[in-house]
Amino acid sequence: MEDFQKRILVTGGAGFIGSHVVRLLVNEYPHYLIVNFDRLTYAGNLENLRDVDQKDNYRFVKGDIVNAADVQAAFESYDITDVIHLAAESHVDRSIEGPMDFVMTNVVGTVNLLQHAKEKWNGEEGHIFHHVSTDEVYGSLGEEGLFREDTPYDPRSPYSASKASSDHFVSAYHHTYGLLVKMSNCSNNYGSHHFPEKLIPLMIHNILNNKPLPVYGKGENVRDWLWVEDHAKAIVAIFHKGRIGESYNVGGLNEWTNIELVRFLCQLMDRKLGRSVGESEKLISYVTDRKGHDLRYAIDATKLQNELGWTPSITFEEGLEKTVDWYLANNEWVDKVTSGTYQTYYTNMYENR
Ligand code: NAD
Ligand code: TYD
């Protein structure tokens, strides 16, 4: 194990973004050992990593970040040198239905990890704790303006409140104990391996299966979409070259209202499926709005661009087409990850909405 230059614990590596971060690190950094630490909740699936799980520099540990013994065992077994922390409960609608899981994993779990990292590294130089967070901690924008790193925190959903709390703890461990932390706050991601409860994969799945497309409220809420592989590259760049104790906003200046986005997807899918123009749009169904629905998120990523030279590698149109192609070619992945208890959840959340 000492042959590996770094031994990085990636938490939540079986989830959507985590699996892209693990894939990138395993493929491009053979001199690092990548230890994927994941509880495998409904959102975590080892199917996501089939293409890299046989590589020499990859290990998987099933564990819960809330559980001190699980975290301690992983730190000791692999002599962990760095952490990239993505494990979280991540879906806003679920946080509205039941906030406590979000408090446990996102807040208590993060503090548990911070505490073990602090004890393990004991002030030694060179060990990084990179915390992956969201732009939702900044609250909701009106028609104008962008979130910057110095925008005051104003979380408004139980999900964003739990992420804001975890961000504050990461910052506190830096200021109080000198832990070498880095943070990134990213806008909405899309791409392959995205669990089909979030807007884009849910819409692709429902269009394909001729099911209603549930648009909340009037569909006028705005999100700023970034291709997940560009987020993964940003995380790896910040982990290596970002300044200690700093946070970096990640986003692609790519704002869409939900209804514009759903219509665009319908047109793309009509073309891919050989349907007549306008056929999929007939599935759009306006449903009861989300409680406390944030109006607009939009990121100013100038700091990341200026300091680290990061920019998105592809346009939204290219990324969305790649994403749709992936879902069309991997229908059985959707069946696998949505088997189990998901169908009951989906019926309660969406079909009865
Ligand atoms: P996801 O829900 O797809 O994956 C989360 C992963 O964490 C799953 O593999 C799950 O099994 C694991 N996990 C959950 N609870 C755990 C626990 N107690 N112990 C160990 N593992 C646990 O989430 P995602 O969309 O990939 O998001 C990853 C991170 O990025 C999160 O921290 C999220 O807040 C942040 N983020 C997400 C987005 C987005 O658009 N999805 C944008 C910005 C930031
Ligand atoms: P989501 O993918 O849940 O991400 P977040 O809430 O973290 O931004 O939702 C993106 C947007 O799409 C958000 O404004 C809520 C809306 N939405 C719908 O209109 N219908 C849906 O079925 C879902 C899941 C989301």
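Reference entry: report on the structure contained in this document. Residue positions are counted from 1 within each chain, in the order its sequence is given. Here the convention is simple: chains get letters from A, ligands get numbers from 1, in the order in which they are written. Whole-chain, interface and lining totals are the exception, using all residues; otherwise, since this is a predicted model, local features are given only for residues with pLDDT of at least 70 and side-chain atom pairs are given and counted only at 80 or more. With hydrogens and water excluded, all non-hydrogen atoms of the structure serve as input to the side-chain values.

A tally of regular secondary structure across the chain gives 12 helices and 12 strands. Radius of gyration: C-alpha atoms only; globule rule: 2.2 Å multiplied by the number of residues to the exponent 0.38. Its C-alpha atoms give the chain a radius of gyration of 20 Å, within 12% of the compact-globule value 20 Å for 353 residues. For the chain, the spread of C-alpha atoms along the three principal axes comes to 60 × 45 × 40 Å. Note on definitions: a residue-residue contact is assigned when non-hydrogen atoms from the two residues lie within 4.5 Å. Partitioning the intrachain contacts of the chain with sequence separation of at least 6 by distance along the chain shows that 83% fall at a separation of at least 24. Shrake-Rupley sampling with a 1.4 Å probe provides the accessible areas, and residues are treated as covered by the protein chains on show and by no other component. Approximately 14700 Å² of the chain is accessible, and the part contributed by carbon and sulfur atoms is 48%. For the chain, the separation between the mean place of its 34 positive charges and that of its 50 negative charges on side chains is 2 Å. Numbering goes from the N terminus for both helices and strands, where a helix is a DSSP run of H or I of at least four residues and a strand is a run of E of at least two. The charge count treats Lys and Arg as positive and Asp and Glu as negative. His and the chain ends do not count. Charged groups are reduced to one reference atom each: NZ for lysine, CZ for arginine, CG for aspartic acid, CD for glutamic acid.

Right, let's talk about unusual backbone geometry for a bit. Glycine aside, negative phi is the norm for most residues, and most peptide bonds take the trans geometry. Unusually for a residue other than glycine, Asp79 sits at a positive phi of about 45 degrees. Tracing the sequence through the fold places Asp79 in the loop between α2 (68-77) and β4 (82-85). The buried label goes to any residue with under 20% of its type's maximum accessible area, the exposed label to any with over 50%, and the partly exposed label to all in between, with areas taken from a 1.4 Å probe on protein chains only. Taking the relative accessible area as the measure of exposure, Asp79 reaches 35% and is therefore partly exposed. A positive phi angle is found at Leu253, which is not glycine, with a value near 50 degrees. Checked against the element boundaries, Leu253 lands in the loop between β10 (247-250) and β11 (255-257). Assessed through its relative accessible area of 64%, Leu253 is described here as exposed.

What follows deals with the side chain of Thr134. Relative to the elements of secondary structure, Thr134 occurs in strand β5 (residues 129-134). In this structure Thr134 comes out as buried when scored by relative accessible area, which is 5%. For this analysis, a polar contact is any N or O atom pair within 3.5 Å, provided that within protein one partner can donate a hydrogen and the other can accept it, and provided that sequence-adjacent residues contribute only side-chain to side-chain pairs. Separated by 2.9 Å, the side chain of Thr134 and the backbone nitrogen of Glu136 make a polar contact. Apart from residues lying up to four places away in sequence, Thr134 is in contact with Tyr159, Lys163, Ser184, Asn185 and Cys186.

Next up on the list: the site of ligand 1. To be near a molecule or strand, a residue needs just one of its heavy atoms within 4 Å of it. In the neighbourhood of ligand 1, 28 residues make up the surrounding shell, with Ile17, Asp38, Ser90, Tyr159 and Lys163 lying closest. Leu86 has a polar backbone atom sitting 2.9 Å from an oxygen atom of ligand 1. For ligand 1, the accessible surface in isolation is 830 Å², of which the surrounding protein chains cover 96%. Only α1 (16-28), β5, α5 (158-177) and β7 (188-190) provide two or more residues apiece to the shell around ligand 1. The leading source of residues in the shell around ligand 1 is β5, at 3 residues. Asp, Glu, Lys and Arg are counted as charged, while Ala, Val, Leu, Ile, Met, Phe, Trp, Tyr, Cys and Pro are counted as nonpolar; the rest, among them Gly, fall into the polar class. The residue inventory of the shell around ligand 1, partitioned by class, reads 12 nonpolar, 12 polar and 4 charged.

Contacts to ligand 2 come from 18 residues, most closely from Glu136, Pro214, Arg223, Arg290 and His293. At 2.6 Å from an oxygen atom of ligand 2 is found a side-chain nitrogen or oxygen belonging to Glu136. Within the side chain of Arg223, an N or O atom sits 2.7 Å from an oxygen atom of ligand 2. Listing elements by their share of the shell around ligand 2, those giving two or more residues are α6 (199-208) and β8 (213-216). Classifying every residue of the shell around ligand 2 by side-chain character gives 8 nonpolar, 5 polar and 5 charged.

The next point concerns the sheet that holds strand β6 (residues 181-186). Spatially, 7 strands are ordered β3-β2-β1-β4-β5-β6-β10 in an open sheet, and the strand pairing comes out parallel. The sheet is open, and its two borders are formed by β3 (58-62) and β10, each paired with just one other strand. Averaged over all neighbouring strand pairs, the angle between strand axes comes to 20 degrees, with direction disregarded. With 4 bridges connecting them, β6 and β10 associate as parallel partners. By the bridge assignment for β10, Asn185 is matched with Asn249. Strands β1 (6-11), β2 (32-38), β3 and β4 of the sheet are contacted by α1, whose axis makes an angle of about 160 degrees with β2. DSSP-based pairing: two strands are paired if at least 2 bridges between them are found. To get an axis, fit a line to the C-alpha atoms, keeping to the stretch in contact for a helix; angles then go from 0 to 180 degrees between the N-to-C directions.

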